[in-house]
Structure formats: structure tokens, C-alpha cells
Amino acid sequence: MRWVVGLEEVGRDDLEVAGGKGANLGEMIRAGMPVPGGFVVTTDAYAQSADAVGLASRLADAPPSELRGMLASAPLPEELRVQIAEAYRALGDDVPVAVRSSATAEDLPGAAFAGQQDTYLNIIGVDAVSDAVRDCWASLWTDRAVSYRRERRVDQRTVRIAVVVQQLVEAEVAGVMFSADPVSGARDRVIVDAAAGLGEAVVSGLVTPDHHVLDQHGEQLEFRAGRAEVAIRPAAGGGVHEEAESRASENPLLSAHQLRALARHARAAAEHFGRPQDMEWAIADGRIFILQARPMTALPPPPQKLNRRQRLQSTIFSEYLPVRPYPLDVTTWLGHGPAEMMRQITEHYGLRGAFRDYLREEDGVVVQFVPPNPHLGVAAVLTPFQVASKARRFPIDAWQQDPRLALLLHRADALDRLDLPRMPWRELLQVPPRALAAMDISRDLRIDYLPAAGLAIARLAIATTLLGRRRMLGDLTGGAPTRTAAAERALVTLAASARADAELRALFAARSPDEIVTGLQAGCFPEFSAQLDAYLREFGRRETVSPLLVSPPTLAESPGVVVGMIAGFVDHPPADDPSSRSADARTQLLAHPLLRTRWARGVMTRRIRAAQGGMALREDTHFFFTATLPALRRALLEVGERLRDAGVVDEPFDVFHLRWDEVTAIRDVRQIPSAEVDALRRLVAQRAAKRSELAGIPVVDLRGVFTRQSSRDALAVGTPAGGGSATGPARVVRDANDFHRVRQGDVLVCPYTNPAWTPLFLKAVAVVVDTGSVASHAAIVAREYGLPAVMGTGDGTRTLIDGERVMVDGTTGRVTRA
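Given the structure is predicted, the values throughout are model-derived calculations rather than measurements.

Calculation criteria
- Residues numbered from 1 in each chain as written.
- Predicted model: local features only at pLDDT ≥ 70, side-chain atom pairs only at ≥ 80, totals over all residues.
- Heavy atoms only, no water.
- Helix = DSSP H or I, 4+ residues; strand = E, 2+ residues; numbered from the N terminus.
- Buried < 20%, exposed > 50% of the residue type's maximum accessible area, 1.4 Å probe, protein only.
- Contact = heavy atoms within 4.5 Å.
- Areas by Shrake-Rupley, 256 points an atom, 1.4 Å probe, with all protein chains shown as cover.
- Axes fitted to C-alpha atoms, helices over the stretch in contact; angles between N-to-C directions.
- Left-handed = near helix turned anticlockwise from the far one by under 90°.
- Nonpolar A, V, L, I, M, F, W, Y, C, P; charged D, E, K, R; others polar.
- Phe/Tyr/Trp six-rings, centres within 6.5 Å; stacked < 30°, edge-to-face > 60°.
- Lys NZ or Arg CZ within 6 Å of the ring centre and 35° of its normal.
- Pairing = 2+ DSSP bridges.
- Parallel < 35°, antiparallel > 145°, perpendicular 65-115°, else oblique.
- Core = buried A, V, L, I, M, F, W, Y, C linked by side-chain atoms within 4.5 Å.
- Lys, Arg positive; Asp, Glu negative; His and termini not counted.
- Salt bridge = Lys/Arg side-chain N within 4 Å of Asp/Glu carboxyl O.
- Expected span 1.5 Å × (residues − 1).
- pLDDT = per-residue confidence, 0-100.

Peer 1: Help me out: how do you make sense of the overall build of the chain in this one?
Peer 2: Secondary structure summary: the chain contains 30 helices and 25 strands in total. Expressed as lengths along the three principal axes of its C-alpha atoms, the size of the chain is roughly 105 × 65 × 65 Å. Classification of the 818 residues of the chain by burial places 57% in the buried group. Taking the contacts inside the chain whose residues are at least 6 apart along the sequence as the reference set, 70% of them involve residues at least 24 apart. Carbon together with sulfur atoms contributes 51% to the accessible area of the chain, which is approximately 34900 Å² in total.

Here it is in C-alpha cells:
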């Protein structure tokens with residue numbers, strides 16, 4: 001058996017023999033790139049030694065350290081030693097080599113495995129090379145490599161490893177380069193990092209390298225000199241050592257000619273492999289060598305140039321898509337729920353393209369938000385007449401008595417009562433369409449009543465402007481009796497109950513929200529538990545992350561979130577009430593000299609009530625259109641339970657990696673053909689790995705939406721969205737799990753908000769949000785509560801330090817140190 005093959009003998013199709021690194025190096029040799037010569041100890045050699053020590057029988061139970069020990073002590077077959085010796089001597093007499101791991105799950109699109117297995121440099125002599133090969137085998141089972149594969153859903157039983165042995169390039173200068181900008185995603189840039197000595201200093205992060213930003217032709221656009229802290233160089237007799245470096249000047253290590261040559265190699269590799277590449281290179285005696293190339297992972301999509309309408313759409317969606325949708329999100333609630341409802345509403349009133357084709361997918365995974373470019377359709381000429389007609393036929397004060405609302409809630413209640421575990425498979429698959437069909441009722445209610453709501457708010461805005469009191473509009477429209485306001489009052493009531501019971505108050509003071517929930521579920525404080533359960537039944541249908549997604553848990557599934565909000569009110573009850581502020585604003589407005597007559601005051605009072613009703617419609621229709629969300633989510637997770645039992649997924653939640661059409665194609669979940677099970681499992685694993693690769697890249701690219709504005713002393717700058725200023729400690733809240741950290745007097749700093757976040761506004765003195773605009777949920781609620789607000793900072797959650805005292809100016813949109 002040939003256990004050793006030349007690098008020139010393998011190519012991109014030889015992954016299973018040569019591993020990812022070896023296959024890519026062989027492919028570059030075939031493409032004529034300057035790759036140092038060498039050979040590959042194939043995966044078959046690893047498999048033979050692994051079988052000889054019984055590795056497969058220990059995979060399920062043994063810790064990685066035991067597996068490493070088994071391979072490190074494995075005897076090499078004599079024939080393998082002979083083949084390694086022959087291939088090594090063909091490179092020269094005792095030539096120094098680099099011995100590099102090359103796993104079959106390495107240097108692949110979506111899974112670079114950078115640094116997960118070991119590399120050994122300046123290895124000299126046949127025995128040393130053989131030992132290094134065995135050490136590379138053992139490195140397949142380092143703790144970090146095992147954890148990385150688990151995260152990427154790579155089957156530990158199937159992974160194998162080859163070893164690449166190459167002539168060592170004793171570099172004067174070496175480093176890495178990217179054929180695209182790994183930060184911005186720009187494909188017309190080449191990034192080169194360079195340092196003296198071997199490139200391991202750059203790869204391992206030991207040195208701050210020279211940093212070059214080049215255009216696609218290799219012309220330098222930016223340069224930042226490195227600090228040359230250390231260099232790694234070959235040691236006499238084998239191995240490497242670190243040498244302290246001192247930089248004589250700020251001049252770059254690479255010449256303009258060398259930079260252009262490197263850029264040509266980067267561009268050639270990207271074109272040959274069909275995607276941007278992450279490469280290692282070295283220069284010795286003036287010659288450039290390419291030591292490695294692998295697909296760039298976690299690469300953002302290319303930046304998009306947005307017009308004004310697209311920026312507005314991105315602003316809206318940045319709040320609604322704070323996390324990446326799963327395939328099952330896209331094909332159920334996201335594709336047929338609230339976003340589809342908004343598309344139908346906007347098109348009904350003549351606006352085309354506002355909610356169409358806005359997600360780009362690769363292999364079933366959402367990779368990018370593509371801002372729609374809405375435009376007025378021909379039917380828009382009829383919109384004023386439609387609005388006027390709807391406003392007359394559907395007055396704002398009548399919508400809660402509309403029988404369609406009762407029908408919606410009746411259907412939601414019926415869905416909640418379904419005994420899903422006892423349903424036959426085909427009947428279970430009918431539940432999600434039933435839940436989604438209820439969205440038509442919400443759509444029709446909004447189409448009919450939004451005109452009256454919009455006109456009511458517009459009339460009050462005009463009236464307050466004419467009276468010189470426009471700044472009072474937010475307070476006047478706030479304080480309406482909404483379901484969100486009722487939920488806030490209920491939280492305050494629950495906090496008062498906890499405050500009145502000394503033992504319960506002590507529990508809230510000493511335990512985390514999840515620990516409190518555990519105690520309540522164990523039977524402690526039954527009266528308070530009953531109150532909490534009643535709250536979850538009445539208000540728990542709300543989303544916790546986004547109204548567009550079904551994958552995150554609902555509020556009813558998140559009692560710890562609710563308890564966390566209650567905890568904040570136990571010792572610090574809210575000091576202000578939006579309804580009282582609204583009443584004060586109404587009193588001030590009605591005292592205006594032009595409203596002296598009873599008739600004028602009556603007209604203005606009716607306009608205020610109508611505008612409040614309009615704001616309540618916006619808030620409450622949002623509350624009610626999630627009425628069937630819990631039933632939909634429960635049905636999808638029941639589908640996941642059955643697919644787990646069938647061996648398709650490992651956990652019920654993994655069903656979200658599948659599309660709904662892929663689920664409904666399963667005729668009988670109890671009798672899925674094994675080939676279909678295997679195909680679906682591969683889909684789940686591939687999509688999970690793709691999501692992991694994209695974990696650090698936001699769905700909505702905020703860079704083109706909320707550009708960082710320069711301001712001398714500002715920590716964050718955004719859109720002014722609520723007047724006045726306030727000072728307090730910044731409290732960075734990234735999701736619902738952080739709700740309990742907010743205390744009275746904090747400045748709430750968050751990436752986005754939705755109505756589930758509203759109770760936090762009762763504690764905050766100001767609000768700073770990465771996303772959104774003056775019309776966003778957070779901005780509207782902040783104005784109702786009289787809070788300074790700054791929207792669309794883009795990076796407030798990164799630049800503001802948790803606990804640091806800051807001043808928020810809601811008039812100028814600036815956040816500064818207090």
C-alpha cells in the first residue's frame with residue numbers, strides 16, 4: 001500500500017487521502033503556483049495506526065488526552081517508515097522540513113480549523129520526521145480540536161488526518177494574506193501582514209506585523225507599521241527559537257514590487273478555487289513561496305451601496321432581525337407571518353417592493369439582508385381615496401369591538417388547547433398552516449383601521465404645531481390604555497406582592513432569576529406563583545427577540561425573564577407613570593390662550609383621545625398578531641421531537657435547520673427511509689456549521705446604515721429621538737437574559753428593542769440603541785416616558801462600558817462621559 005505520495009500527485013479532489021491542507025497545496029502546484037516541494041503521509045497511514053491501537057473502540061468514552069496518548073505511542077509499520085524515509089531523502093540530505101497536520105475536516109469552506117491541529121517546523125532527519133508525523137496524528141484529538149469539530153457538527157468517528165511534509169522555507173520575511181478584506185468583506189482588496197523570520201510569529205499572534213491594505217492590483221492603499229516584538233527563526237540542529245527584534249525604522253519590510261507579486265498570487269488563488277482565500281507565504285533569497293491556502297471563513301458579504309429608501313428599510317429591519325433566522329423561520333413565521341402581512345398592507349396602499357426578496361440565502365442559510373427598494377405603484381393614485389374611505393368606515397374607537405379580533409383570539413385559544421403529542425403526523429403538520437392563516441385577520445384589521453389611526457395622529461401633530469406646542473406630542477399620545485401598559489402595571493403589582501412578603505423579598509435579593517423560578521416551581525410561595533402563572537397566561541404570547549421569528553422562545557416560555565423584570569421593581573418601584581405625564585401634558589395644552597372656549601377644548605380633547613387610540617392600535621395590534629405564535633412554535637418543536645425519535649436530528653430544536661417543505665415531504669415520520677434520514681442529517685449538520693461560521697456577522701450590515709459620526713468627546717453618536725438629557729451608569733443589555741441587570745436610574749444601552757423590553761423603560765433614565773430611527777419602538781416609548789433617547793448609534797453596545805457613568809443628550813444625539 002502507498003502510504004506516502006508526492007504533493008504534486010494530489011489535488012482538490014483528494015481530500016479524503018491528503019486532507020484539506022494537502023489537497024489545496026497539491027492543487028496549487030498543479031496551477032503553477034510557487035509551493036515548496038514535499039509529500040503527504042496519507043489518511044490511510046493514520047487509519048492503519050489508529051486501528052492497530054483500537055482507537056475506534058474508545059472514541060465514545062475516552063477523554064481526548066487518552067486518545068492522544070494512544071496515537072503518540074502507536075508503533076509505525078516498518079513499510080511506512082521506509083516510505084517516509086524514501087520521500088524525505090528525495091527532498092535532499094537531512095533537509096529541514098515543516099511537518100503540518102492536514103485533517104479531512106480542515107481548510108474547507110465554513111470550517112478552516114485554523115490552529116486546531118499541530119505544526120512542527122525545522123524538523124531534520126528521518127527519525128525526527130517520523131516522530132513529528134505521529135505527533136500530528138495525536139493532535140487530531142487535542143481538546144480544542146475536538147471542541148471545534150463538535151461546534152461545527154463534524155462526526156468525530158469519520159474524521160481522519162494526513163500529514164504534509166514540505167521543505168522548510170528559511171524566510172527573511174513571512175506572513176499571511178487575504179484575497180478579500182476579512183473585516184469589511186470588500187472583494188477588491190488584498191490584506192497582507194508581514195513580519196521578519198518565519199510566518200509562525202504572525203500566525204500565532206506573537207508579533208504585531210506590518211499591515212498593508214492593497215487594491216486588487218497590489219497598489220498600496222493603507223500601511224501600518226508593526227512593532228517587531230519578536231522573530232521566530234530556525235535553530236541549529238532542528239526546531240525553532242524566538243529572537244528579540246528591534247525595529248530600525250518605520251519603513252515596510254516588503255517592497256512595492258513584492259506587494260504587487262503577493263497580490264497577484266492572492267488573486268490567482270481566489271480565481272482558481274472560486275472563492276476568497278486565506279494564505280500563508282514566505283520570502284527567501286528574493287523568491288516568494290506560498291505555504292498554504294484555504295477558503296476564507298466568516299467573511300462578511302461585500303458592502304452594499306444603499307439609497308435613501310434602502311437605508312430606511314435597513315433601519316427598520318435592523319430591529320426586526322437582531323439574530324440570524326433559521327431555515328424554518330424563513331419558511332414559516334418570517335415568510336408567511338408579520339413580514340408578509342406588512343407586505344400585503346403596504347401593497348394594498350400602493351407601495352411596492354417594501355417587504356420582498358430581502359434575504360439572500362446560501363445552502364438554505366440566510367447570509368445577508370438585501371435592503372428592498374420600495375416604490376410607489378400605479379395604484380398609489382387611489383391611496384388618498386382609500387385612506388379617506390377606510391377612516392370613515394372604521395373609526396379608531398371601534399376596533400377593539402370588531403368581531404374579527406374576537407375570532408382571532410378564539411382561534412389562538414383553540415390552537416393552544418390542542419394535544420399535539422397525541423396527534424397523528426399528517427394532522428400535526430396542519431397545525432402550523434392553521435396558526436399562520438390567523439395572520440390574515442390581523443392584516444385585515446390593520447388595513448381597515450390604520451388610516452383612521454394615522455389621520456388622528458396627523459391631526460393632533462398639526463394642531464400642536466400651530467399652537468407652538470409640538471414638543472408635547474409625545475406626552476400627549478402616551479398614556480393610552482394598551483396591552484403593553486397593562487403588562488407593565490401587572491409587573492409592578494407582582495413586585496409589590498414580593499416586596500410585602502419578607503421571605504419572598506429576601507429570595508429576590510439573594511438569588512438569580514432562574515434560581516427564583518426553580519424555587520417557585522418547587523412549590524415555594526404558591527400564591528405568588530399563581531400570580532406569575534396568571535401573568536404568563538395573559539401576556540406570555542409575546543416574542544422575546546423579534547416579532548418576525550418563531551425560533552426564539554416566547555415570553556411564556558421564559559419565566560426567568562419576567563422574574564428578572566419583577567426583581568428590578570422589588571426594591572425600586574417606578575417613580576413615574578406615563579398616563580400621569582400624559583394627563584399633565586393635556587392640562588397644559590388645554591390652558592393655551594387659543595383654547596379658552598369650551599368648544600375648542602372639547603375639539604382638542606377629542607383629538608388627543610383619537611391620537612392616543614391611534615398609538616394604542618399600533619401597539620395592541622402588534623400584541624395580538626403574535627397570538628398564534630406560541631401554538632406555532634409548540635407544533636414545530638413537537639415535529640422536532642418526532643424527528644429526534646426518528647434519528648433525523650439530535651435535539652428537537654435542530655428541526656429549525658430544516659425548511660418547512662423538507663419537513664412536509666416526510667410522509668410518515670415512523671418509517672423514514674434510511675437514505676432520507678442520512679440526507680436530512682447532512683443538511684442539518686451543514687447548515688449548523690454554516691451558521692457557526694457566520695456567528696460574528698450581523699444579518700443586517702449596520703455599517704452602511706448607521707455610519708460612525710465623528711464628534712470630539714462623544715463615546716457614541718446617533719439620531720436624536722427623545723429630547724432632554726440624563727446621566728446615569730450605562731447598562732449594556734444584549735438580550736432578554738440581561739433584563740434583570742437593569743436598575744433604577746440606569747442608562748439602557750441595547751442593540752435593539754421590541755415591546756417585551758418596554759418595562760425596562762420604567763427603570764431607565766435614558767435609552768441608547770444600536771439600531772432604529774425616530775419612528776422605532778424604542779424611540780416612541782422613550783418619548784412617551786419622557787426619556788432622552790439616541791437611536792442608530794451602530795456601535796453603542798461595543799463602545800460604551802457597562803457601569804460607566806454617561807450623559808445622554810436626546811436633543812443632539814450624543815453620548816458622553818458624565
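Picking up after the structure, the text goes on.
Peer 1: I'm lost on the packing of helix H4 (residues 78–89) against helix H5 (residues 126–139) in this one. Help?
Peer 2: One can describe the packing of H4 onto H5 by two numbers: an axis separation of 10 Å at closest approach and a directional angle of 115 degrees. Crossing handedness for the pair H4 and H5: right-handed. Residue-level contacts link Leu80, Arg81, Ile84, Ala85, Tyr88 and Arg89 of H4 to Val126, Asp127, Val129, Ser130, Val133, Arg134 and Trp137 of H5. The residue inventory of the contact of H4 with H5, partitioned by class, reads 8 nonpolar, 1 polar and 4 charged.

Peer 1: Got a minute to help me understand the environment of Thr758 in this structure?
Peer 2: Position of Thr758 among the secondary structure elements: in the loop between strand E21 (747–750) and strand E22 (766–769). With 673 residues separating them along the chain, Thr758 and Ala85 place their C-alpha atoms 71 Å apart.

Peer 1: Looking at this structure, I do not really get the packing of aromatic side chains. What am I missing?
Peer 2: Each aromatic ring pair is summarised here by two numbers: the centre-to-centre distance and the angle between the ring planes. All chains considered together, the criterion is met by 16 aromatic pairs. For the ring pair Phe317 and Phe355, a centre distance of 5.5 Å and an interplane angle of 55 degrees mean the geometry is tilted. Here Phe317 is found in helix H9 (residues 308–320), whereas its partner Phe355 is found in the loop between strand E14 (351–352) and strand E15 (359–362), with 38 residues between them in sequence. Phe317 sits in the buried class, given a relative accessible area of 0%. Centre to centre, the rings of Phe623 and Phe624 are 5.3 Å apart; their planes meet at 85 degrees, and the pair counts as edge-to-face. Here the two residues Phe623 and Phe624 agree in accessibility, since each one is buried. An aromatic cluster is built from Trp399, Tyr535, Phe539, Phe623 and Phe624, whose rings are joined through pairwise contacts. Its end group placed over the ring of Tyr326, Arg691 keeps NZ or CZ at 3.6 Å from the ring centre. Over the ring of Phe569 we find Lys763; its NZ or CZ atom is 4.8 Å from the centre of that ring.

Peer 1: What is the right way to read the sheet that holds strand E18 (residues 714–717) from this model?
Peer 2: Each strand in a sheet pairs with another by means of backbone hydrogen bonds, the pair being arranged parallel or else antiparallel. Read across the open sheet, the 8 strands follow the order E18-E25-E24-E20-E21-E22-E23-E19; overall the sheet is mixed. For this open sheet the edge positions go to E18 and strand E19 (719–722), each flanked by a neighbour on one side alone. Each strand of the sheet is rotated relative to its neighbour by a mean of 30 degrees, with strand direction disregarded. Direction of pairing for E18 relative to strand E25 (residues 814–817): antiparallel, over a ladder of 3 bridges. Along E25, the bridge assignment pairs Ala714 with Thr816.

Peer 1: Looking at this structure, I do not really get the packing of helix H22 (residues 526–539) against helix H23 (residues 559–570). What am I missing?
Peer 2: If you want to describe how two helices pack, look at the angle between their axes and the distance between the axes. For the pair H22 and H23, the least separation of the axes is 11 Å and the interaxial angle reads 115 degrees. In terms of orientation, H22 and H23 fall into the roughly perpendicular class. Here H22 runs over H23; the crossing is right-handed. On the side of H22, the interface is formed by Phe528, Leu532, Tyr535 and Leu536, while H23 contributes Pro559, Val562, Val563 and Ile566. Tallied by class, the residues present in the contact of H22 with H23 amount to 8 nonpolar, no polar and no charged.

Peer 1: I tried to follow the nonpolar core on my own but got confused; where do I start?
Peer 2: Grouped together as the largest cluster of nonpolar side chains are 66 residues, with contacts concentrated most on Phe508, Tyr535, Ile566 and Phe761. Per element, the largest residue contribution to this core is 8 residues, and it comes from H23. One finds Leu429, Val550, Phe625 and Leu680 within the second-largest nonpolar core, a separate group that totals 41 residues.

Peer 1: What's the story with the side chain of Asp329 in this structure? I'm lost.
Peer 2: For Asp329, the position within the fold is in helix H10 (residues 327–330). Within the buried set, Asp329 has no salt-bridge partner at all; the shortest N-O distance to an opposite charge, 6.2 Å, is to Arg691. Apart from the residues lying within four places of it in its own chain, the contact partners of Asp329 are Leu334, Gly335, Leu549, Val550 and Ser551.

Peer 1: Which parts of the structure should I look at to understand the sheet that holds strand E6 (residues 173–178)?
Peer 2: Within the open sheet, the 6 strands sit side by side as E9-E8-E7-E6-E12-E13. Their pairing is antiparallel. The open sheet is flanked by strand E9 (220–224) and strand E13 (287–295), the only strands paired with a single partner. Averaged over all pairs of adjacent strands, the angle between strand axes in this sheet comes to 20 degrees, irrespective of strand direction. For E6 and strand E12 (residues 277–284), the ladder comprises 6 bridges, and the chain directions are antiparallel. Note that in E12 the partner of Gly175 across the bridge is Trp281. Those strands touched by helix H8 (residues 256–273) are E6, strand E7 (189–196), strand E8 (210–215), E9, E12 and E13, and its axis lies near 145 degrees from that of E12.

Peer 1: Sorry if this is basic, but what is going on with H23 here?
Peer 2: Residues spaced three or four apart along an α-helix face the same direction, because each turn holds 3.6 residues. Here H23 is 12 residues long and its end C-alpha atoms lie 16 Å apart, about the 16 Å a rise of 1.5 Å per residue gives. Counting buried positions over the 12 residues of H23 gives 12, a clear majority of the element. By the burial criterion, the buried members of H23 are Pro559, Gly560, Val561, Val562, Val563, Gly564, Met565, Ile566, Ala567, Gly568, Phe569 and Val570. The secondary structure elements touched by the buried residues of H23 are helix H19 (483–500), helix H20 (502–510), helix H21 (513–521) and H22.

Peer 1: Looking at this structure, how should I read the confidence of the model for the chain?
Peer 2: If pLDDT is low for a region, its predicted coordinates should not be looked at in detail. In the predicted model, the chain carries a mean pLDDT of 91, and 97% of its residues have values of at least 70. Considering each helix and strand of the chain separately, the mean pLDDT is smallest for helix H29 (residues 777–785), with a value of 79, and largest for helix H26 (residues 629–645), with 98.

Peer 1: Help me understand the side chain of Gln310, please; the structure alone is not making it clear to me.
Peer 2: On the secondary structure map, Gln310 appears in helix H9. Contacts of Gln310, omitting those with residues within four sequence positions, involve Lys305, Pro371, Pro372 and Asn373.

Peer 1: Just checking my understanding: could you explain the environment of Ala496 for this structure?
Peer 2: Along the chain, Ala496 falls in helix H19. C-alpha of Ala496 to C-alpha of His336: the two residues are 160 residues apart in sequence and 41 Å apart in space.

Peer 1: How should the pattern of salt bridges be read in this particular structure?
Peer 2: Any two side chains of opposite charge can pair, on the condition that their charged atoms come close. Evaluated as defined, the whole model comprises 46 salt bridges. Salt-bridge contacts for Asp155 lead to Arg157; the nearest nitrogen and oxygen are separated by 2.8 Å. Looking at Asp155, the relative accessible area reads 30%, which means it is partly exposed. Using a relative accessible area of 66% as the deciding quantity, one classes Arg157 as exposed. For Arg731, the salt bridge goes to Asp802, with nearest N and O atoms at 2.9 Å. Taken together, the positions of Arg731 in strand E20 (residues 725–732) and Asp802 in the loop between helix H30 (796–799) and strand E24 (805–809) put the pair 71 residues apart, joining distant regions of the chain. Classification of Arg731 as buried rests on a relative accessible area of 15%. Of the residues examined, Asp802 reaches a relative accessible area of 33% and is grouped as partly exposed. One continuous salt-bridge network, built from bridges that share partners, spans Glu340, Arg343, Glu347, Arg352 and Arg356.

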